[in-house]
Amino acid sequence: MHRHPPRGRPPRPVLAIVAPLAAAAVLAAACTSGTSSGPPAAARSAPPLSEAENALLRDAEQRLVADCMTERGFHYWAVPTTGDEGLRPLGFVLDDTAWARAHGYGGGSLARAAGERDANPNAAYVRELTEERQRAYAAALRGGAGTPEVSIDLPGGGTAVSRLGGCEGEAGRRLYGDLAAWTRADTLAANLTPLYVPEVTRDARFTEALAAWSACMAAAGLPYERPDQIRAEARRKAAGLAPDAVTAAEAPLAVAEAQCGASTGLAGTARRLEAEYRERLPEQYRSALGERTELARAALPRAREITGRTA
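The numbers attached to residues start from 1 for each chain and follow its sequence in the written order. Local features in a predicted model are, by the rule used here, given only for residues with pLDDT of at least 70; side-chain atom pairs are given and counted only at 80 or more, and totals for whole chains, interfaces and linings are based on all residues. Where side-chain values are given, they derive from all heavy atoms of the structure, hydrogens and water being excluded.

A.B. asks: When you look at the environment of T201 in this model, what are you seeing that I'm missing?
C.D. replies: The topology assignment puts T201 in helix α10 (residues 197-202). Through-space distance from the C-alpha of T201 to that of A270 is 8.4 Å; in sequence the pair is 69 residues apart. Think of it this way: any DSSP run of H or I at least four residues long counts as a helix, any run of E at least two long counts as a strand, and we number them from the N terminus.

See below:
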C-alpha cells in the first residue's frame, strides 16, 4: 500500500535522547482501526510479531503485488526481505555484546541494504518505460484517479494519507482482509511513541540507570552521557567506508556500549519502563496496540501459504 509517510518512518521525536528508544518501540508497537471497543483482552496482551514474522508478511505482500501486476501487463519483481541479522532494531541502549561485536551498530548492514534497494530491478524497469506506460504502471500499482484513500490523524499531530487502490491495495485486502483497518493500524503503530517515550526518559528509574551507564562508559575511557552520543561518534568514524569496514569501525564503540548497557541494567530498565508507560496510554491507543497485532497474526497463515514458508 502507498503511504504518506511510509510505515517505519514516523516523525522524529523532538528530544534527541529518546530517538533510539522510539525507533525500537515503533517496530514493536501496534495499532487500531479506529473502533471504540477494541480487540479482546487476549489480543492486547499478545506479544508483538518477531522480525521474521514481519518479514514474512512483507514478502507475502510483495508476491501478491507481483502476481497482480503481471495480470495487468507489467513486469514486477518481488524482492525478498533481507535476512541480515545486522538489521535488527537497536533499542535505547545495546546490551547484546556478541551482536555488537559481529555487527557494530548495524551500519554495514544498512549500507548493504541500501545498495540492494538501489539495484532493485523494478526501478530500472520503470525507467525504461515510456511516459505513458509509466503513468499506467503507477495507476496499476497504486490506483489511478478517484482511488479511495484513508486519512489517519496521528497522535503526535499531523495527518497521514494512504491510497487503497491498485495492486498494492489488492494485495493488502487479500492478506489482511479489512485494508482500511490494517492501514490505520499499521500507520499509527509508527507514531505512538511520542505519547509515552518522553515520560520514560523523565522517570527517575531511567535517569538513575542512565547515570550509571554514563559512569561505566567514563571508566572505560569513553565519556558519553547518552547512547545517542556514542552512536553519532560511530557514524562519524564510519562515514564513507565500505560495509565491512563500517562494521569494523563501529564494533569497538558498540561493544563498550553493550557491556555497560548490560552491567548497569539500563537496557532492561528502558524496556520495562517502555512497557509500563505503554499501558498508561489512553484506552483507544492501548486497544490499538492489540488490534494491530491481532490483524497481523491473523494474516500469518495466509502469508505462509502464499510464500510456501513456515517461518
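A.B. asks: Quick question: what am I supposed to make of the state of the cysteines here?
C.D. replies: When the sulfur atoms of two cysteines share a covalent bond, that bond is a disulfide. When two cysteine sulfur atoms lie within 2.5 Å, the pair is treated as a disulfide. Scanning all chains against the criterion turns up two disulfides. Bridging C68 to C167, the disulfide has an S-S length of 2.1 Å. Where C68 bonds to C167 through sulfur, the torsion about that S-S bond is close to -75°, and the disulfide is left-handed. Taken together, the residues span a long stretch of sequence, with C68 in helix α3 (residues 51-71) and C167 in helix α8 (residues 166-176) at a distance of 99 residues. Accessibility here uses a 1.4 Å probe with only protein chains present; expressed as a share of the type maximum, an area under 20% marks a residue as buried, one over 50% as exposed, and anything in between as partly exposed. Exposure remark for C68: the relative accessible area of 3% places this residue in the buried category. Residue C167 is classed as buried on the basis of its relative accessible area of 0%. Note that C216 is cross-linked by a disulfide to C260, the S-S spacing being 2.1 Å. Between C216 and C260, the S-S dihedral sits near -80°, and the bridge is therefore left-handed.

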